[in-house]
Amino acid sequence: MTKKYFGTDGIRGRVGQTPITPDFVMRLGYSAGKVLVADELARGNHKAGERPAVLIGKDTRISGYMLEAALEAGFSAAGVDVCLVGPMPTPAVAYLTRALRLQAGIVISASHNPFYDNGIKFFSAHGTKLEDALEARIEAGIDLPLACVQSADLGRARRIDDAAGRYIEFCKSTFPNDLDLRGLRIVVDCAHGAAYHIAPHVFHELGAEVIAIGAEPNGLNINKEVGATAPAALSQAVLAQQADLGIALDGDADRVMMVDASGQIYDGDQLLLAVVRSRLRQAPVAGVVGTLMTNLAFEHALTQLKIPFARADVGDRYVLEMLRDKGWLFGGENSGHILCLDRHTTGDGIVSALQVLSALREAGGDLSSLLGQMVLYPQLLINVPLVKGFAWKDHPLIASVLQQVEVALAGEGRVLLRASGTEPLLRVMVEGCDAKKVRAAAEKLASAVREAVSS
């Protein structure tokens, strides 16, 4: 299904450029509101004096104020009530939408992107990403003229003052009641993002001594040299504070990376394996879903554990779709999106970290001991800027060099070329047993792509 505006994770772009402009976002809110009203009428849920209601959360970007107001106006014009929670992690919006029995949840965030980007993503009443068909219905109304219901039918807005406390309690509920974090010194990196007033409290209230970094957002510093996309800052802080471990979230707190006492960084593949091995000690694990980017060592580790594995397209929504199709509970990406459907309906950095910490408490040892014998294969990812509309799949130079690289790896590695779903980039990934061969292959292929694009 071809979409005009929605990508793999909602609608995203540079603030001030279409589609991230106030007028577009207002029309988006109005179109989404009209779809919700129509669905409520079709289900017979629309009673006199009652309106559908949605929840709107955001991260800490300065543009969030502007886009929040535009969305609120669009929904109100469509006759939909709005509940505002201010800065709140993406998975918190998913949880609160479900807990408050609302019709949809909307997050204003560009996740791990810099502050000058922003985006809009939707959750259903069940706390899951919207289906493609529903996104298509919303898209169909965006470019239509903006209208307004009668004054008596306008949506109203209110703030949910206890949203943070509700979500903190939910996160804590995913950690075993008979365990705590007492005696642990943990550095928590909030990426100057949506979890700055949430994550430190969760781990502190479970007993840990918490040192928070990346917890001073100013609207312009989200993800800047901190967080899950820049875990070196966490590694340095753990060493400086002589902490037992560190936890890094991204700007909207749906990703997580962790660091052990020696400063070693653990990515999503490693953390997911730790969770799966822990769950396996409690009950059989039906299967695990990764993506095309998942490290081959992770797949081999699951094979040794006799756990089925499947690869989805890159993007946590595709991991979730495959998990639901197969009836499995665990999946994720090496970028730090981890899905534990026995705990939450979507990827949640805080909840995922708690699952790793519960595994540590139950098994003892350190993070490396939770991985068994798994050692990640060398993997190099190079992002090459793309010109919009560039047909990279059909370019003869790229095809020729790709074939050369695959021959050079001689079955000892794999190559993946894919266009980003959120940025104008072609991601060149090479993985294999020999780090030198991997780097040479990746740089050769990336160079070919740059040459093809420039020509």
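Please refer to the structure placed before this passage.
Cut-offs and rules
Residues numbered from 1 in each chain as written. Predicted model: local features only at pLDDT ≥ 70, side-chain atom pairs only at ≥ 80, totals over all residues. Heavy atoms only, no water. Helix = DSSP H or I, 4+ residues; strand = E, 2+ residues; numbered from the N terminus. Rg over C-alpha atoms; globule rule 2.2 N^0.38 Å. Buried < 20%, exposed > 50% of the residue type's maximum accessible area, 1.4 Å probe, protein only. Contact = heavy atoms within 4.5 Å. Areas by Shrake-Rupley, 256 points an atom, 1.4 Å probe, with all protein chains shown as cover. Lys, Arg positive; Asp, Glu negative; His and termini not counted. Charge placed at Lys NZ, Arg CZ, Asp CG, Glu CD. Pairing = 2+ DSSP bridges. Axes fitted to C-alpha atoms, helices over the stretch in contact; angles between N-to-C directions. Left-handed = near helix turned anticlockwise from the far one by under 90°. Nonpolar A, V, L, I, M, F, W, Y, C, P; charged D, E, K, R; others polar. Salt bridge = Lys/Arg side-chain N within 4 Å of Asp/Glu carboxyl O. Phe/Tyr/Trp six-rings, centres within 6.5 Å; stacked < 30°, edge-to-face > 60°. Lys NZ or Arg CZ within 6 Å of the ring centre and 35° of its normal.

**Q** How should the overall build of the protein be read in this particular structure?
**A** Looking only at helices and strands, the protein features 13 helices and 18 strands. In summary, the protein has a C-alpha radius of gyration of 22 Å against a globular reference of 23 Å for 455 residues, a match within 12%. By principal-axis analysis of the C-alpha atoms, the protein measures approximately 70 × 60 × 40 Å. Counting the 455 residues in the protein, one finds 56% classified as buried. If you take every contact in the protein between residues at least 6 apart in sequence, the share linking residues at least 24 apart comes to 70%. Element-wise, carbon and sulfur atoms account for 51% of the exposed surface of the protein, whose accessible area totals about 19,000 Å². Of the side-chain charges in the protein, 45 are positive and 51 negative, and the distance between the mean point of each set is 2 Å.

**Q** Help me out: how do you make sense of the side chain of Asp81 in this one?
**A** Note on placement: Asp81 falls in strand β3 (residues 81-87). Classification of Asp81 as buried rests on a relative accessible area of 17%. With sequence-adjacent residues up to four places away left out, Asp81 is seen in contact with Arg51, Pro52, Ala53, Val54, Gly155 and Arg156.

**Q** So what exactly am I meant to see when it comes to the sheet that holds strand β17 (residues 413-419) here?
**A** Sheet strands associate in pairs through backbone hydrogen bonding, adopting either a parallel or an antiparallel arrangement. Pairing in this open sheet of 3 strands is antiparallel, and the strands run β16-β18-β17 from one edge to the other. Of all the strands in the sheet, just β16 (379-385) and β17 have a single pairing partner and so form its edges. On average, adjacent strands in this sheet sit at an angle of 15 degrees to one another, irrespective of strand direction. By the bridge criterion, 7 bridges tie β17 to strand β18 (residues 425-432) in an arrangement that is antiparallel. Bridging from a neighbouring strand, Leu416 pairs with Met429 of β18.

**Q** Please clarify how the packing of helix α1 (residues 22-42) against helix α2 (residues 64-77) should be interpreted in this entry.
**A** For any two helices packed against each other, one specifies the crossing angle of their axes together with the interaxial distance. Where α1 meets α2, the closest approach of the two axes is 7 Å, and the angle between their N-to-C directions is 35 degrees. Considering how the two elements wind past one another, α1 and α2 form a crossing that is right-handed. Counting all contacts with α1, which are made through Pro22, Val25, Met26, Gly29, Tyr30, Ala32, Gly33 and Leu36, the residues of α2 involved are Met66, Leu67, Ala70, Leu71, Ala73, Gly74, Phe75 and Ala77. Of the residues contributing to the contact of α1 with α2, the split by class is 13 nonpolar, 3 polar and no charged.

**Q** Quick question: what am I supposed to make of the pattern of salt bridges here?
**A** Two side chains bearing opposite charge may form a pair once their charged atoms approach each other closely. For the coordinates displayed, the defined rule picks out 32 salt bridges. For Arg51, the salt bridge is made with Asp81, and the minimal N-O distance between the two is 2.7 Å. Of the two residues, Arg51 sits in the loop between α1 and β2 (53-58) while Asp81 sits in strand β3, which places them 30 residues apart along the sequence. Taking the shortest distance from any N to any O, the salt bridge between Arg279 and Asp342 comes out at 2.8 Å. Here Asp342 lies in the loop between β15 (338-340) and α11 (349-363) and Arg279 lies in helix α8 (residues 268-280), a separation of 63 residues in the sequence. According to the relative accessible area criterion, Arg279 is buried, its value standing at 7%. Taking relative accessible area as the criterion, Asp342 reaches 29% and is therefore assigned partly exposed. Here the residues in one salt-bridge network are Asp9, Arg12, Lys121, Lys129, Asp252, Asp254 and Asp316, joined through shared partners.

**Q** Looking at this structure, how should I read the packing of aromatic side chains?
**A** Aromatic ring pairs are reported here in terms of the distance separating the ring centres and the angle at which the planes meet. Taken as a whole, this structure holds 6 aromatic pairs when the rule is applied. Judged by centre distance (4.8 Å) and plane angle (65 degrees), the ring pair of Tyr5 and Phe24 falls under edge-to-face. Taken together, the positions of Tyr5 in the segment before β1 (11-14) and Phe24 in helix α1 put the pair 19 residues apart, joining distant regions of the chain. Among the residues examined, Tyr5 registers a relative accessible area of 17% and is labelled buried. Ring geometry for Phe298 against Phe309: centres 5.7 Å apart, planes inclined by 65 degrees, an arrangement best described as edge-to-face. Of this pair, Phe298 sits in helix α9 (residues 296-304) while Phe309 is found in strand β13 (residues 309-312), placing the two residues 11 residues apart along the sequence. Take Phe298 and Phe309: they sit in the same class, and that class is buried. Above the plane of the ring of Tyr65 lies Lys58, whose end atom (NZ or CZ) is 3.9 Å from the centre. Cation over ring: Lys326 sits above Trp328, and NZ or CZ is 5.0 Å from the ring centre.

Limitation: the analysis is restricted to geometry and does not speak to function.
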